[in-house]
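Tertiary structure, described
Here is how the chains run, residue by residue.
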Amino acid sequence: MGQALIRAEGARAVQAVAPLFADWPEMLIASALEGAMGGMWTLEGAMGGALAECADFLFLAARENPVARSLLTAWKNEHPGRYAILVARDPALSALVPDVFADKAEPTRRYAFHKGGEAFDRERLARFAASAPPGVALRPFDPEVCRLAMQAPWSRSFCDQFRDADDFMARGLGVAALRGGELVGGASSYVCFSGGIEIQVETRKDMRRRGVALACCARLILTCLDRGLYPSWDAANPESVALALRLGYHLAGPYDAWELYRSGEA
């Protein structure tokens, strides 16, 4: 059967695994450590490794490869077929992923940005926020926008990491792009953490390359700055990198990750 995953419950248990993730500037890990969203997983009887889970992401840290392998095996056994983006602390740990998941793990490249010190240009962001294409209006997320977002696969990620619309309204933040009452794009808090959000941006396929994403993200960043929140950014592709650079973020560089069960099969 192998070892079982144990959720790190309580401040003492979380503090015990926190050093494994020290100096890893990832806001989703911060969210998991503080219990805002997701949580920390260890192995029964082995504290030398942990998985930080937040939304669709898993972050693997371990002092020894056998512990990391056991963690991955336990996750595979307890979550068969569940989609996740897995990021390992170092290349040696990352090399274990295909050994455990075989063809259910597909390599992908993502792009990290420096956290903090962006010195956003508010005037430039304000111009971007006012540049939505004709017929498109920007509006803060409200329960009706949350309802619209959950109706289509392309937009569900705006809200689906929260328990429901009430939870999103209490802890989340977003800017929607509407045309004729239809949701055509937006930027929202993929997850939240103490002092900030992780930005999620999506545009309906027929409305792409018109400045919808730029306007929504600029308005959301300005809202975060006004509220004293940090708008964290991580990119899945070069297009997202280009958008982030235009908004004022500073690229740290690419990193490797794994998509588990990308097509949804077990």
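Notes on the structure follow. (Residues numbered from 1 in each chain as written. Predicted model: local features only at pLDDT ≥ 70, side-chain atom pairs only at ≥ 80, totals over all residues. Heavy atoms only, no water.)

Digging into the pattern of salt bridges
If you walk through the whole model with that rule in mind, you get 15 salt bridges. Its salt-bridge partner being Arg122, residue Asp226 comes within 2.9 Å of it at the nearest N-O pair. Of this pair, Asp226 sits in helix H9 (residues 212-227) while Arg122 is found in helix H6 (residues 122-129), placing the two residues 104 residues apart along the sequence. A salt bridge links Arg171 to Asp167; the nearest nitrogen and oxygen atoms lie 2.9 Å apart. Of this pair, Arg171 and Asp167 are both found in helix H8 (residues 165-171), four residues apart, which corresponds to roughly one turn of the helix. Classification of Arg171 as partly exposed rests on a relative accessible area of 31%. Look at the salt bridges and you will find they share partners, linking Arg179, Glu182, Arg204 and Asp206 into a network. (Salt bridge = Lys/Arg side-chain N within 4 Å of Asp/Glu carboxyl O. Helix = DSSP H or I, 4+ residues; strand = E, 2+ residues; numbered from the N terminus. Buried < 20%, exposed > 50% of the residue type's maximum accessible area, 1.4 Å probe, protein only.)

Overview of the state of the cysteines
Summed over all chains, the structure comprises zero disulfides. With no disulfide partner, Cys54 has as its closest neighbouring cysteine sulfur the one in Cys192, 8.3 Å distant. The exposure class assigned to Cys54 is buried, which follows from its relative accessible area of 0%. (Disulfide = S-S within 2.5 Å.)

What to know about the side chain of Glu118
Relative to the helices and strands, Glu118 is located in the loop between strand S6 (105-113) and H6. No salt bridge is formed by the buried Glu118; the nearest opposite charge belongs to Lys115, separated by 7.0 Å. Looking at Glu118, its side chain comes within polar contact range of the main-chain nitrogen of Gly116, at 3.3 Å. (Lys, Arg positive; Asp, Glu negative; His and termini not counted. Polar contact = N/O pair within 3.5 Å; in protein donor to acceptor, adjacent residues only side chain to side chain.)

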